[in-house]
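The lines below spell out each chain.
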Amino acid sequence: QNRPAFAHWCDVSDETAVKKLVAAVNEQFGAIDVLVFAASHWQATPFPSAHTAEWLKVLRILTEGAFFCANAVAPSMLARQSGAIIHLVDNSAFRPFAEFGAHSVGKSALLALTRQLAVELAPHIRVNAIAPGPVLPLPGRSQALIERVANRTLLKRWGSPQDVAQAVLYLLQADYITGACINLDGGELIAGG
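Please read these numbers as outputs of a predicted model, since none were measured by experiment.

S.K.: Any details on the pairing of strand S3 (residues 125–132)? Residues and values, ideally.
M.R.: Burial runs high along S3: 8 of the 8 residues are buried. Bridge count for strand S2 (residues 83–88) against S3 is 6 bridges, and the pairing is parallel. Residue pairing in the sheet places Leu 88 in a bridge with Ile 130 of S3. The handedness of the S2 to S3 crossover, carried by helix H3 (residues 101–121), is right-handed. Pairing of S3 with strand S4 (residues 181–184), which is carried by 4 bridges, proceeds in the parallel orientation. Looking at S4, one finds that Ala 131 is bridged to Asn 183.

S.K.: If you had to explain helix H4 (residues 143–151) to someone new, which residues and values would you point to?
M.R.: Buried residues of H4: Ile 146, Val 149 and Ala 150, and no others. Projected down its long axis, H4 shows its buried positions confined to an angular sector of 100°, all on one face.

S.K.: Any chance you could break down the nonpolar core for me, citing the residues and the numbers?
M.R.: Formed by 31 residues in total, the largest nonpolar core has its most connected members in Val 12, Val 18, Val 73, Ile 85, Val 89, Leu 121 and Val 127. Counting residues per element, this core draws most heavily on helix H2 (residues 52–80), at 8 residues. Leave out the neighbours within four places in its chain, and Val 18 touches Cys 10, Asp 11, Val 12, Phe 68, Cys 69 and Ala 72. With 8 residues, the next largest nonpolar core counts Ile 130, Val 135, Val 164 and Leu 171 among its residues.

S.K.: Tell me about the side chain of Thr 153, residues and numbers included.
M.R.: The topology assignment puts Thr 153 in the loop between H4 and helix H5 (161–173). In this structure the side chain of Thr 153 is engaged in a polar contact, spanning 2.8 Å, whose partner is the backbone nitrogen of Lys 156. Here Arg 157 takes part through its backbone nitrogen, which lies 3.3 Å from a polar atom of the side chain of Thr 153.

S.K.: Please give an account of the sheet that holds S2 that cites residues and values.
M.R.: Backbone hydrogen bonds hold the strands of a sheet together, and the pairing may be parallel or antiparallel. Read from one edge to the other, the open sheet built from 4 strands follows the order S1-S2-S3-S4, with strand pairing classed as parallel. Each having just a single partner strand, strand S1 (34–37) and S4 make up the two edges of the open sheet. When strand polarity is set aside, the average angle formed by the axes of neighbouring strands in this sheet is 15°. With 4 bridges connecting them, S1 and S2 associate as parallel partners.

S.K.: Lay out a nonpolar patch on the surface with the relevant residues and their values.
M.R.: Taken together, the side chains of Leu 154, Leu 155 and Ile 190 make up a nonpolar region of the molecular surface, amounting to roughly 340 Å² of accessible area. Along the polypeptide, Leu 155 turns up in the loop between H4 and H5.

S.K.: Provide a residue-level description of the packing of aromatic side chains, including the pertinent values.
M.R.: Counted according to the given criterion, the structure contains 5 aromatic pairs. Both rings, one in Phe 6 and one in Phe 29, keep their centres 5.6 Å apart while their planes meet at 45°; by these two values the pair is tilted. One end of the pair, Phe 6, is in the segment before helix H1 (15–29); the other, Phe 29, is in helix H1, with 23 residues separating them in the sequence. Given the relative accessible area of 33%, Phe 6 is considered partly exposed. Judged by relative accessible area, Phe 29 falls into the partly exposed class, the value being 39%. Ring geometry for Trp 42 and Phe 97: centres 6.4 Å apart, planes at 75°, overall edge-to-face. Pair noted here: Trp 42 is in the loop between S1 and H2 and Phe 97 is in the loop between S2 and H3, with a separation of 55 residues, a long-range link.

S.K.: Quick one: what's the story with the pattern of salt bridges, residue by residue and with numbers?
M.R.: A full pass over the atoms with the stated rule returns 4 salt bridges. Of the charged contacts, one joins Arg 80 and Asp 33 as a salt bridge, the two residues approaching to 3.0 Å between their closest N and O atoms. Here Arg 80 is found in helix H2, whereas its partner Asp 33 is found in the loop between H1 and S1, with 47 residues between them in sequence. For Arg 80, a relative accessible area of 32% translates into the label partly exposed. Its relative accessible area of 46% is what places Asp 33 among the partly exposed residues. Its salt-bridge partner being Arg 60, residue Glu 64 comes within 4.0 Å of it at the nearest N-O pair. With a gap of 4 residues between them, Glu 64 and Arg 60 both fall in helix H2, about one helical turn apart. Assessed through its relative accessible area of 38%, Arg 60 is described here as partly exposed.

Scoring rules and cut-offs
Residues numbered from 1 in each chain as written. Predicted model: local features only at pLDDT ≥ 70, side-chain atom pairs only at ≥ 80, totals over all residues. Heavy atoms only, no water. Buried < 20%, exposed > 50% of the residue type's maximum accessible area, 1.4 Å probe, protein only. Helix = DSSP H or I, 4+ residues; strand = E, 2+ residues; numbered from the N terminus. Pairing = 2+ DSSP bridges. Right-handed = clockwise from strand over helix to strand, strands pointing away. Arc of directions from axis to C-beta. Core = buried A, V, L, I, M, F, W, Y, C linked by side-chain atoms within 4.5 Å. Contact = heavy atoms within 4.5 Å. Polar contact = N/O pair within 3.5 Å; in protein donor to acceptor, adjacent residues only side chain to side chain. Axes fitted to C-alpha atoms, helices over the stretch in contact; angles between N-to-C directions. Patch = residues over 30% accessible without salt bridge, like charges linked within 9 Å, V, L, I, M, F, W, Y side chains within 5 Å. Areas by Shrake-Rupley, 256 points an atom, 1.4 Å probe, with all protein chains shown as cover. Salt bridge = Lys/Arg side-chain N within 4 Å of Asp/Glu carboxyl O. Phe/Tyr/Trp six-rings, centres within 6.5 Å; stacked < 30°, edge-to-face > 60°.

In structure tokens, the structure reads:
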């Protein structure tokens, strides 16, 4: 089916920019029914750090960005007594990634925010998370590295962006799930990969 869409640049760590984004979406399409928060800034942030600005940038996008976006859409959802919010986290929310401390802390906070918002916005707005594992190799990765990553999963293969999209659709349709996180990682987390 053909669906209308439009692109709108937004720095989600800027509350004013988020409010403008939500206003633009409301003007274009009417009320927002679903928020999928996937914003992230993937950058190494070793600790201790002489460059705290990079640490804070990563955290602001993940934590303040998610808060600002949810805070901007929730009033309308509450007024309509309907809505869903989905946050994309990853396995660093459960097991820290070395050299990526800000990312790990931010994703852990995002998972905590998911649970908190599920409590705050119940019973009419459901809030869940998805924790994708290897679903899309970063550009320039060698075939050897891609195979090593696949072998860290129980299923011995990569997932796909389509797997993530299907999980989003599932959470939108499964109206008795809130405050949950779907681990979409081929068993990587429990395999200890």
